[in-house]
Amino acid sequence: MSRPPRKRATRKLPGARFLPARLGPKAAEDEDVEGAVRGNAGGGLTLRAMLPNAITAAALCSGLTGIRFAIDGQWSLAIGLVVLAGVLDGIDGRIARLLNAQSRFGAELDSLADSLSFGVAPALILFLWSLNEWPRFGWFAALAFAISCALRLARFNARIDVDDQPHKSAGFLTGVPAPVGAGLAFTPFYLWNETGLEFFRHPVVMALWLAIIAVLMISNMATLSWASLRPRRSIRLPLIAFAALAFAALLLEPWWTLSAICIVYLALMPYGLVKYGRIKRRRAQEQAAAAASASGATG
């Protein structure tokens, strides 16, 4: 009499019960679900997961290379490379989301790269360009900017897993982002390069400006997030045309265009505060109405 065939036990990967695979921003870099399904013991990264991190590394190289050109006194190249790092920094996150390749490793690498490219590099470039003429307090201003950038990024990392984020849930950011802060810090150079006025290069002016931008980066104020803007359908085509003209202006007159972008951003900050204040008041009214209805139902 033949025995019934025994079911074959499913073999689990080593450590599977200790390290469950996770997808999305909270996943670790070595938790490749597709690789686990294939039983890939090597734990190698796919090209999809490596591409966003490679772009982040390229942004880091661009920002740090700006320091090298600043040492040689090639200011336009130095600041242009930091601006390029900002462009690459805006691309890597979107590519990671497009490829579904977000990971904790990528988030940590991005923050470290931002701290160097948009904190350390601008501080050193501006010190060599202007602040070294006021060595003691100029260096303090450069340190304040670099430290504020690092503190802002550390605060961002500490809140990644926090659910209660009023600014983020309303489509706003907390403080000025690091790439934007670096661009704003260079505004005196943009104006000096086009006008030739030594006022914009004066170390006292530069130190005060850096201190203001440092405070804006670590502040708790709500700032506009470009990703959350939803233009009306009727103005989308004019906005596309305006964006094309702005890109052409950036190619033909880069420093004037960057100056205009920084001025517009600063001018929109009060609008962002007013808009967030309206959302905050509406939320408070909705919570009060919900609490009143709940107390009426229980009573």
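A. Up close: the overall build of the protein. In terms of regular secondary structure, the protein is built from eleven helices and two strands. Starting at the N terminus, the α and β elements of the protein follow one another as α-α-α-α-α-α-β-α-α-α-β-α-α.

B. The packing of aromatic side chains, seen in detail. For the structure shown, the criterion picks out ten aromatic pairs. With a centroid separation of 5.5 Å and an interplanar angle of 70°, the aromatic rings of Phe199 and Phe200 are classed as edge-to-face. For Phe199, a relative accessible area of 54% corresponds to the exposed category. Between the NZ or CZ atom of Arg68 and the centre of the ring of Phe69, over which it lies, the distance is 4.9 Å.

C. Focus on the pattern of salt bridges. A complete count under the given rule lists one salt bridge for this structure. Between Asp72 and Arg68 there is a salt bridge; the shortest N-O distance is 3.7 Å. Here Arg68 falls in the partly exposed class, since its relative accessible area comes to 46%.

D. Representation of the nonpolar core. Core analysis: the largest hydrophobic core is formed by 49 residues, its most contacted members being Leu131, Phe189 and Tyr190. If we skip the residues at most four places from it in the chain, Leu131 touches Leu126, Gly138, Ala141, Ala142, Pro203, Met206, Ala207 and Leu210. Phe172, Ala222, Leu224 and Ile279 belong to the second-largest nonpolar core, a separate cluster that totals six residues.

E. Expanded view of the packing of helix α3 (residues 75-98) against helix α8 (residues 187-195). Running from N to C, α3 and α8 point in directions that differ by 140°, and their axes come no closer than 12 Å. Put simply, α3 runs oblique to α8. Here α3 and α8 pass one another in a crossing that is left-handed. The segment α3 lies against α8, with Trp75, Ser76, Ile79 and Val83 engaging Phe189, Tyr190 and Asn193. In terms of residue class, the contact of α3 with α8 is built from five nonpolar, two polar and no charged.

F. A look at the side chain of Ser219. Turning to its location among the elements, Ser219 is positioned in the loop between α9 (203-218) and β2 (222-224). Assessed through its relative accessible area of 16%, Ser219 is described here as buried. Here Ser219 is in contact with Arg155, Thr174 and Gly175, once residues within four sequence places are set aside.

G. Inspection of the environment of Asp72 at higher detail. Tracing the backbone through its elements, the reader meets Asp72 in the loop between α2 (47-71) and α3. A C-alpha to C-alpha distance of 9.8 Å links Asp72 and Leu128, two positions 56 residues apart in sequence.

H. The arrangement of a nonpolar patch on the surface in detail. A grouping of Trp134, Phe137, Trp139, Phe140, Leu143, Ile147, Leu151, Val204, Leu208 and Ile218 is seen on the molecular surface, where their side chains present a nonpolar patch of about 910 Å² in accessible area. Mapped by element, the contributors of at least two residues to the nonpolar patch are α5 (135-158) and α9. For the nonpolar patch, the element with the highest residue contribution is α5, accounting for six residues. Residue placement: Trp134 occurs in the loop between α4 (104-129) and α5. Assessed through its relative accessible area of 30%, Trp134 is described here as partly exposed.

I. The arrangement of α9 in detail. Here α9 spans 23 Å end to end across 16 residues, near enough to the 22 Å set by a 1.5 Å rise per residue. By the burial criterion, the buried members of α9 are Pro203, Met206, Ala207, Leu210, Ile213, Ala214, Leu216 and Met217.

Rules behind the numbers
Residues numbered from 1 in each chain as written. Predicted model: local features only at pLDDT ≥ 70, side-chain atom pairs only at ≥ 80, totals over all residues. Heavy atoms only, no water. Helix = DSSP H or I, 4+ residues; strand = E, 2+ residues; numbered from the N terminus. Phe/Tyr/Trp six-rings, centres within 6.5 Å; stacked < 30°, edge-to-face > 60°. Buried < 20%, exposed > 50% of the residue type's maximum accessible area, 1.4 Å probe, protein only. Lys NZ or Arg CZ within 6 Å of the ring centre and 35° of its normal. Salt bridge = Lys/Arg side-chain N within 4 Å of Asp/Glu carboxyl O. Core = buried A, V, L, I, M, F, W, Y, C linked by side-chain atoms within 4.5 Å. Contact = heavy atoms within 4.5 Å. Axes fitted to C-alpha atoms, helices over the stretch in contact; angles between N-to-C directions. Parallel < 35°, antiparallel > 145°, perpendicular 65-115°, else oblique. Left-handed = near helix turned anticlockwise from the far one by under 90°. Nonpolar A, V, L, I, M, F, W, Y, C, P; charged D, E, K, R; others polar. Patch = residues over 30% accessible without salt bridge, like charges linked within 9 Å, V, L, I, M, F, W, Y side chains within 5 Å. Areas by Shrake-Rupley, 256 points an atom, 1.4 Å probe, with all protein chains shown as cover. Expected span 1.5 Å × (residues − 1).

Read these as spatial facts, not as claims about activity.
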